[in-house]
Amino acid sequence: MIHLVIGAQWGDEGKGKIVDLLSQKADASVRFHGGNNAGHTIVNHLGRFPLHLISAGIFNIKCQVFITNGVIVDLEVLNQEIETLKKVLPDFKKRLFLSPRCHVIMPYHKILDKLYEKTKGKAKTGTTGRGIGPTYADKVSYNGIRLFDFFDNNRLKEKLSVILPLKNKIIVGLGGTPLKLDEVYQEEIAKFKKIASYVKETFSPLMKLVATNKKIIYEGAQGTFLDNDWGTYPYVTGSNTVPGNINAASGIPAQYIKRVTAVSKTYTTRVGSGPFPTELFNADGEKIRTNGNEFGTTTGRPRRCGWLDLELLRFAVQINGLTDLVITKLDVLDDFKTLKIAIGYTLNGKRIKYIDCDSYLLGKVKPIYKIMKGWQQSTSKIKKFKDLPKEAKNYLKEIEKNIKIPISIVSVGPERNQTIFC
Ligand code: GDP
Ligand code: IMO
Ligand code: MG
């Protein structure tokens, strides 16, 4: 049985915390798309871990952990993550699987990511600078390098001798320094050797788990509005975050998904450029950033903060076929006297939906707000829904009323035990 956990907003909703929690009872957990643009913070009995590639299921020693073909891999980052986890976990060589079909983020991808951003100036995407867009672009334009290519040194060298001169032309054209083939080759081979023992086909073991009805958690990265097709293009990421992508990105037919849970904050944040209708530029926004420690896990950039946007959440329910919603960071709004929730948008005085807007139009819409009373008391130690302040319950019920699916979990702090199962 596949339980997919994805982001309902623009990423950083708290997916890491929720997957760590849920995978305590899972047989496997899977990262299926994105790369180390993701930063999933896990706080548990072993410490605080900002993971970028390995799924939170690694903390359950009975859980098999997969990185499937849809993920793009920076070999250095993966190796560092393995080394960090090795210090606190028993040997996990037998339970970590890395697909040989994964594309590799090469040094020139990271250079190009930064050069494109610099050249675009004000029109930049605000990427994480991890080489994500250029690596996915090479994948779809048949210029990518996969882990398979590292199985044979000649194969890698041959491929690089075709691709690198091409990349160097662009790098030089944009004012960068060209890379030397032999250096790139030697460095990447050395990095590969450190992680080679984890490279194992992921499709068959995953299918076996599916066939025997084992519980598999799929850990989404980014969020619905960063999806390459359905997000706020071109201010999106290089992969698809929607559930259907599990087939292309891991081989497993989508019909095996039995539950799709999306995670949303009690408010909204976004990192990088792009439209954000409920963004706050006042003291309330600052207060959310401070209370919620809203600084990126991957890049440390301050996150843009704003009110909860139910127009976006309603679209997330539809496009993802959500079964339930997790609300995180309720505690961050504890000391607000009044709160606002966007229940829809207008454009030039007329109602308009997210689906009818591209990024240009979404940048012009005006949110319609419902004003809600704050609860003005601490919620971070509350364990049961019935013990939440009346105003917090009303706030959560307002969300449920609008999105028409149940809230299954409310999170009131980063730790595992700061969780209310509804
Ligand atoms: P992800 O990318 O979706 O996994 O989210 P991130 O890890 O990038 O960002 C979420 C941040 O919020 C992390 O620092 C978490 O430890 C933290 N967090 C998660 N849930 C809660 C919560 O309910 N309350 C508070 N205060 N922090 C939370
Ligand atoms: P997690 O999994 C928040 C954003 C970047 C930028 C855009 C494109 O931690 O939720 P990219 O480097 O992917 O080409 O950048 O996407 N972005 C994220 N924002 N959380 C993430 O991941 C993100 N991954 C990418 O800030 O706006
Ligand atoms: Mg994150």
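If you check an unreviewed UniProt entry, the protein chain appears there as Adenylosuccinate synthetase. Under the heading Function (unreviewed entry), UniProt records this for the protein chain: "Plays an important role in the de novo pathway of purine nucleotide biosynthesis. Catalyzes the first committed step in the biosynthesis of AMP from IMP." Recorded in UniProt under Catalytic activity (unreviewed entry), the annotation for the protein chain is "IMP + L-aspartate + GTP = N(6)-(1,2-dicarboxyethyl)-AMP + GDP + phosphate + 2 H(+)".

What follows is about the site of ligand 1. Taken together, 18 residues are adjacent to ligand 1, and Lys15, Gly39, Thr41, Asp331 and Ser411 come closest. At 2.7 Å from an oxygen atom of ligand 1 is found a side-chain nitrogen or oxygen belonging to threonine 41. Between an oxygen atom of ligand 1 and a main-chain N or O atom of lysine 329, the distance comes to 2.9 Å. If ligand 1 stood free it would expose 590 Å²; the protein chains cover 92% of that surface. Going through the elements one at a time, helix 1 (15-22) and strand 3 (40-44) are the ones with two or more residues in the shell around ligand 1. If you tally residues by element for the shell around ligand 1, the top one is helix 1, at three residues. If you count residues domain by domain, the shell around ligand 1 takes at least three from each of domain 1 (2-100 + 198-261) and domain 3 (264-421).

Further remarks concern the UniProt feature "active site" (unreviewed entry) in the protein chain. Under the UniProt annotation, "active site" (unreviewed entry) lies at Asp12 and His40. For the annotated residues, spread through 29 residues, the largest C-alpha to C-alpha distance comes to 7.3 Å, consistent with a single compact locus. Judged by relative accessible area, aspartate 12 falls into the partly exposed class, the value being 23%. Residues contacting aspartate 12, with those up to four places away along its chain left out, are Gly39, Lys265, Val271 and Arg303.

Within strand 1 (residues 2-7), six of the six residues are buried, which leaves the element mostly enclosed by the surrounding structure. Burial along strand 1 is two-sided: Ile2, Leu4 and Ile6 and His3, Val5 and Gly7, pointing in opposite directions, are all buried. Pairing between strand 1 and strand 9 (residues 216-219): four bridges, direction parallel. Within strand 9, the residue paired with leucine 4 across the bridge is tyrosine 218.

The UniProt record annotates "binding site: Mg(2+)" (unreviewed entry) at Asp12 and Gly39. These annotated residues cover 28 residues of sequence, and their C-alpha atoms all fall within 7.6 Å of one another, placing them together at a single site. With respect to the secondary-structure elements, aspartate 12 resides in the loop between strand 1 and helix 1. Structurally, the position occupied by glycine 39 is in the loop between strand 2 (28-31) and strand 3. Contacts of glycine 39, omitting those with residues within four sequence positions, involve Asp12, Leu51, His52, Thr297 and Thr298.

In many reports, interface size means the accessible area that the parts give up when they come together. Annotation of the protein chain at the domain level lists domain 1 (2-100 + 198-261), domain 2 (103-196) and domain 3 (264-421). Put simply, the middle of domain 1 and the middle of domain 3, counted by C-alpha atoms, are 24 Å apart. Summing both sides of the interface, domain 1 and domain 3 together bury roughly 3200 Å²; the carbon and sulfur share of this comes to 60%. When the buried area of domain 1 at its contact with domain 3 is split by residue, Gln9, Trp10 and Lys17 rank highest and sum to 22% of it. Summed over the shared surface of domain 1 and domain 3, the result is three salt bridges. Between aspartate 20 and arginine 416 there is a salt bridge, with the nearest N and O atoms lying 2.8 Å from each other. The interface formed by domain 1 and domain 3 contains 23 residue pairs in polar contact (both at pLDDT 80 or more). Put simply, the parts of the chain that give the side of domain 1 that touches domain 3 at least two residues each are helix 1, strand 3 and strand 10 (257-265). Among the elements that line the side of domain 1 that touches domain 3, the one with the most residues is helix 1, at five residues. For the side of domain 1 that touches domain 3, the residue count by class is 19 nonpolar, 15 polar and six charged.

A few words now on the layout of surface pockets. By volume, the second largest pocket amounts to about 180 Å³. Lining the second largest pocket are Glu311, Arg314, Phe315, Val317, Gln318, Lys353, Ile355, Asn402, Ile403 and Lys404. Counting only elements with at least two residues in the lining of the second largest pocket, the list comes to helix 10 (310-320) and helix 12 (390-403). The biggest single contributor to the lining of the second largest pocket is helix 10, with five residues. Split by residue class, the lining of the second largest pocket holds four nonpolar, two polar and four charged.

With that settled, consider the coordination of the magnesium ion (ligand 3). Binding of the magnesium ion (ligand 3) to the protein goes through Asp12 (OD) and Gly39 (O), at separations of 2.0 to 2.2 Å. Note that aspartate 12 is positioned in the loop between strand 1 and helix 1 and glycine 39 in the loop between strand 2 and strand 3, a separation of 27 residues in sequence. For glycine 39, a relative accessible area of 10% translates into the label buried.

Look at helix 12: 20 Å from first C-alpha to last across 14 residues, which is about the 20 Å you get at 1.5 Å a residue. When helix 12 is considered as a whole, its buried residues turn out to be Glu391, Ala392, Tyr395, Leu396, Glu398, Ile399, Asn402 and Ile403. Buried residues of helix 12, viewed axially, fall in a sector of 145°; they line one side. Looking at helix 12, the residues exposed on the side facing more than 90 degrees away from the buried face are Lys390 and Lys401. Looking at the packing, one finds that the buried side of helix 12 touches strand 13 (308-309), helix 10, strand 14 (324-328), strand 15 (338-347), strand 17 (366-373) and strand 18 (407-411). Positive phi shows up at lysine 404, right after helix 12, with a value of about 60°.

On to the pattern of salt bridges. This structure, assessed with the given rule, holds 23 salt bridges. A salt bridge links glutamate 294 to lysine 265, with the nearest nitrogen and oxygen atoms 3.0 Å apart. Placement of glutamate 294 in the loop between helix 9 (283-291) and strand 12 (304-306) and of lysine 265 in strand 10 is noted, with a sequence separation of 29 residues between them. Both residues of the pair, glutamate 294 and lysine 265, count as buried. Connected through shared salt-bridge partners, Asp12, Lys265, Glu294, Arg303 and Lys329 make up one network.

So, how was this worked out
- Residues numbered from 1 in each chain as written.
- Chains lettered and ligands numbered in written order.
- Predicted model: local features only at pLDDT ≥ 70, side-chain atom pairs only at ≥ 80, totals over all residues.
- Heavy atoms only, no water.
- UniProt positions renumbered as here; feature names shortened; annotations may be inferred.
- Near = heavy atom within 4 Å.
- Polar contact = N/O pair within 3.5 Å; in protein donor to acceptor, adjacent residues only side chain to side chain.
- Areas by Shrake-Rupley, 256 points an atom, 1.4 Å probe, with all protein chains shown as cover.
- Helix = DSSP H or I, 4+ residues; strand = E, 2+ residues; numbered from the N terminus.
- Domains from an automatic or database assignment.
- Buried < 20%, exposed > 50% of the residue type's maximum accessible area, 1.4 Å probe, protein only.
- Contact = heavy atoms within 4.5 Å.
- Pairing = 2+ DSSP bridges.
- Buried area = accessible area lost by both parts, 1.4 Å probe.
- Salt bridge = Lys/Arg side-chain N within 4 Å of Asp/Glu carboxyl O.
- Nonpolar A, V, L, I, M, F, W, Y, C, P; charged D, E, K, R; others polar.
- 1 Å grid on protein atoms, 1.4 Å probe; cavity = no way out; pocket = protein on both sides within 12 Å on 5 of 7 lines; lining within 4 Å.
- Points joined across faces, edges and corners; volume = space filled by probe spheres on them.
- Donors = N, O, S within 2.8 Å, 3.2 Å for Na, K, Ca; no water.
- Expected span 1.5 Å × (residues − 1).
- Arc of directions from axis to C-beta.

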